[in-house]
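Survey of secondary and tertiary structure
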Amino acid sequence: MMKRAYKYRFYPSPEQEQLLARTFGCVRFVYNSVLRHRSEAFQQRKEKINYLAANAFLTRLKKTPEAVFLNEVSSVPLQQCLRHQQTAFKNFFEGRANYPTFKRKRHRQSAEFTRSAFKYQDRQLFLAKCKEPLVVRWSRELPGEPSTVTVSKDSAGRYFVSCLCEFHPETLPITPKMVGIDLGLKDLFVTSDGHRTGNPRHTSKYAARLAKAQRHMSRKKLGSRNRAKARQKVARIHAKIADCRMDGLHKLSRRLINENQVVCVESLKVKNMVRNPTLAKSISDAGWGELVRQLGYKAEWAGRQLVAIAPWYPSSKRCSCCGQVVDSLPLSVRAWTCPECATEHDRDINAAVNIKAAGLAVLALGENVSGMGPVSVSGSR
């Protein structure tokens, strides 16, 4: 039994839209107020505020005349945002994330409801303090009653509801096929079998439309309704780019998991790579990190295995035939000849073959293989 979130788009009525706007605003206000309280307590008195102290601060805050509007919405999303903030601080202190930042009105807004704040019955979803059900576009059936419901509004003005449910994953039949993939920019990835996926370059496809919309927005007066409309148009183009990228990555990751029992990849430090001002835009548009993330959880659901090789493993510079490692191999060199065995290599295919060999060696000999560096294995063992 595993948990999975099912995301749907819904279309609120004017009354529901006003209630959600108040809820989003209250969640944002509570999150920012508690974050400011925590930061000031540590800076001034070196005091660390835990979840219980933050919850007590919220109780006092709701009793003040300035924050009496917090009682107009459900208290569950306000409590949940404190739990999310506590998780954010835990990730920060353990070195997995940066210091929590304040929420902004123009960014994505969300509110989480637990079972005490919503009702799901006969494909109808009722939120707390809402008399009518949400008009949800149920694109697929829910496997059961959701445990939590997260309502969100993106910067393009679209509303979504995410239902967290328990489900039984279907294990795919075992197949002898195994593959290694080399991530890149000319092709999103190249497999060890020689298959090239190409790179759709979604940002470049919509670059002209985006630049035109941004120029129109820059000419509008600050704070005017026309500027708000122009900003919405820019946000819709960004949402289109993100949706196209996500759709393509889901299709590619699903095909890799369906066709192969073992998928070997190279774990890249994308945050370090985007510091290159020349390639930063192309790297961000490719979505390597999201592709590897999707491969990880889909492999776990389907009973497959994903092996991530250390980023400093010389997959491109190592000859896949004799094992010779060349001293240097600039990015401009797309084909090279091994000085030891005189084998001609395509840079990307050779790297994918080496990644596959390293991943299979990890599975056969264990995760601490000499020369491989740290690796991670996910999925069934």
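Counting starts from 1 at the beginning of each chain's written sequence and moves along it residue by residue. In keeping with the predicted nature of the model, local features appear solely for residues at pLDDT of at least 70, side-chain atom pairs appear and are counted solely at 80 or more, and the whole-chain, interface and lining totals rest on all residues. Here the side-chain values reflect all heavy atoms present in the structure, with hydrogen atoms and water set aside.

Bringing the overall build of the chain into the picture now. By definition, any uninterrupted DSSP run of H or I lasting at least four residues is a helix, any uninterrupted run of E lasting at least two residues is a strand, and each is numbered from the N terminus. Helix and strand counts for the chain come out as 10 helices and 13 strands. Taking the principal axes of its C-alpha atoms as reference, the chain extends roughly 80 × 50 × 50 Å. Counting all 381 residues of the chain, 42% fall into the buried class. Taking as baseline every contact in the chain between residues at least 6 positions apart, the subset at least 24 positions apart corresponds to 69%. Only the protein chains shown count as cover for residues, and the accessible areas themselves come from Shrake-Rupley with a 1.4 Å probe. Here the chain displays about 21800 Å² of accessible surface, and carbon together with sulfur accounts for 51% of that area. For the exposure calls, accessible area comes from a 1.4 Å probe over protein chains only, and a residue counts as buried if that area is under 20% of its type's maximum, exposed if over 50%, partly exposed in between. Only heavy atoms matter for contacts: two residues are in contact if any of them lie within 4.5 Å across the pair.

Attention shifts here to the packing of aromatic side chains. Pairing of aromatic side chains here covers Phe, Tyr and the six-membered ring of Trp, requires ring centres within 6.5 Å, and sorts the geometry by plane angle: under 30 degrees stacked, over 60 edge-to-face, intermediate tilted. The final tally for this structure, using the stated rule, is 10 aromatic pairs. Look at Phe-10 and Tyr-159: their rings are 5.6 Å apart centre to centre, the planes differ by 55 degrees, and that puts the pair in the tilted class. Of the two residues, Phe-10 sits in strand E1 (residues 2–10) while Tyr-159 sits in strand E6 (residues 159–167), which places them 149 residues apart along the sequence. Side by side, Phe-10 and Tyr-159 carry an identical accessibility label, which is buried. Here Phe-89 and Tyr-99 contribute two aromatic rings whose centre-to-centre distance is 5.4 Å and whose plane-to-plane angle is 90 degrees, an arrangement assigned as edge-to-face. With Phe-89 in helix H3 (residues 75–93) and Tyr-99 in the loop between H3 and strand E2 (109–114), the pair connects residues that are 10 residues apart, well separated along the chain. Taking relative accessible area as the criterion, Tyr-99 reaches 35% and is therefore assigned partly exposed. In textbook terms, an aromatic cluster arises when at least three aromatic residues are bridged by ring pairs, as seen for Phe-89, Phe-92, Phe-93 and Tyr-99. Working rule: Lys NZ or Arg CZ, within 6 Å of ring centre, within 35 degrees of ring normal, means a charge sits over the ring. The ring of Phe-126 has Lys-119 lying over it, and the distance from NZ or CZ to the ring centre is 5.0 Å.

Moving on: the pattern of salt bridges. Salt bridges, as used here, are contacts in which a Lys or Arg side-chain nitrogen is within 4 Å of a carboxyl oxygen on Asp or Glu. Applying the stated rule across the entire model yields 12 salt bridges. For Arg-123, the salt bridge identified is with Glu-141, shortest N-O distance 2.7 Å. Residue Arg-123 is found in the loop between strand E3 (118–121) and strand E4 (124–127), and its partner Glu-141 is found in the loop between E4 and strand E5 (148–153); the two are separated by 18 residues along the sequence. On the accessibility criterion, Glu-141 (54% relative accessible area) is exposed. The salt bridge involving Arg-334 is made with Asp-348; its shortest N-O contact spans 3.0 Å. In this pair, Arg-334 is assigned in the loop between strand E10 (305–309) and strand E11 (335–337) and Asp-348 in helix H10 (residues 347–365), connecting sequence segments 14 residues apart.

Here the focus is the UniProt feature "domain: Probable transposase IS891/IS1136/IS1341" (unreviewed entry) in the chain. UniProt positions are given in the numbering used here, feature names are shortened, and annotations may be inferred rather than shown by experiment. When the UniProt feature table is mapped onto this chain numbering, "domain: Probable transposase IS891/IS1136/IS1341" (unreviewed entry) sits at residues 170–276. The annotated region residues 170–276 carries 51% helix and 13% strand content, and the separation between its end C-alpha atoms amounts to 41 Å.

Paired through their backbone hydrogen bonds, the strands of a sheet run either parallel or antiparallel. One open sheet accounts for four strands, arranged E1-E6-E5-E2; its pairing is antiparallel. Each end of this open sheet is capped by a strand with a single partner; those strands are E1 and E2. When the angles between neighbouring strand axes are averaged without regard to direction, this sheet yields 20 degrees. Note: two strands are recorded as paired if DSSP finds a minimum of 2 bridges between them. Strand direction decides the pairing type here: E1 and E6, joined by nine bridges, are antiparallel. Think of each axis as a best-fit line through the C-alpha atoms, taken over the contacting stretch in the case of a helix, with angles from 0 to 180 degrees between the N-to-C directions.

All right, on to the packing of helix H2 (residues 51–62) against H3 then. One can describe the packing of H2 onto H3 by two numbers: an axis separation of 10 Å at closest approach and a directional angle of 145 degrees. Where H2 crosses over H3, the handedness of that crossing is right-handed. Contacts from Tyr-51, Ala-54, Asn-55, Leu-58 and Lys-62 of H2 reach H3 at Ser-75, Leu-78, Gln-79, Leu-82, Arg-83 and Gln-86. When its residues are assigned to classes, the contact of H2 with H3 shows five nonpolar, four polar and two charged. Should the near helix be turned anticlockwise from the far one by less than a right angle, the crossing is left-handed, and should it be turned clockwise, the crossing is right-handed. Amino acids are sorted into nonpolar (Ala, Val, Leu, Ile, Met, Phe, Trp, Tyr, Cys and Pro), charged (Asp, Glu, Lys and Arg) and polar (every other residue, Gly among them).

This part covers helix H6 (residues 225–259). Under the convention used throughout, the expected extent of a helix is 1.5 Å for every residue step, that is, one less than its residue count. A rise of 1.5 Å per residue sets the reference length of H6, with its 35 residues, at 51 Å; its end C-alpha atoms lie 51 Å apart and thus fit the reference within 8%. Three or more residues of H6 are buried, namely Arg-227, Ala-230, Val-234, Ala-235, Ile-237, Ala-239, Ile-241, Leu-249, Leu-252, Ser-253, Leu-256 and Ile-257.

Along the chain, Asn-354 falls in helix H10. A relative accessible area of 5% means that Asn-354 is categorised as buried. In contact with Asn-354, other than residues within four places in its own chain, are Tyr-313, Ser-315, Arg-318, Cys-319 and Ser-320.

In this section: the UniProt feature "domain: Transposase putative helix-turn-helix" (unreviewed entry) in the chain. Here the UniProt feature "domain: Transposase putative helix-turn-helix" (unreviewed entry) sits at residues 2–46. Between the end C-alpha atoms of residues 2–46 there is a gap of 41 Å, over a span that is 71% helix and 20% strand.

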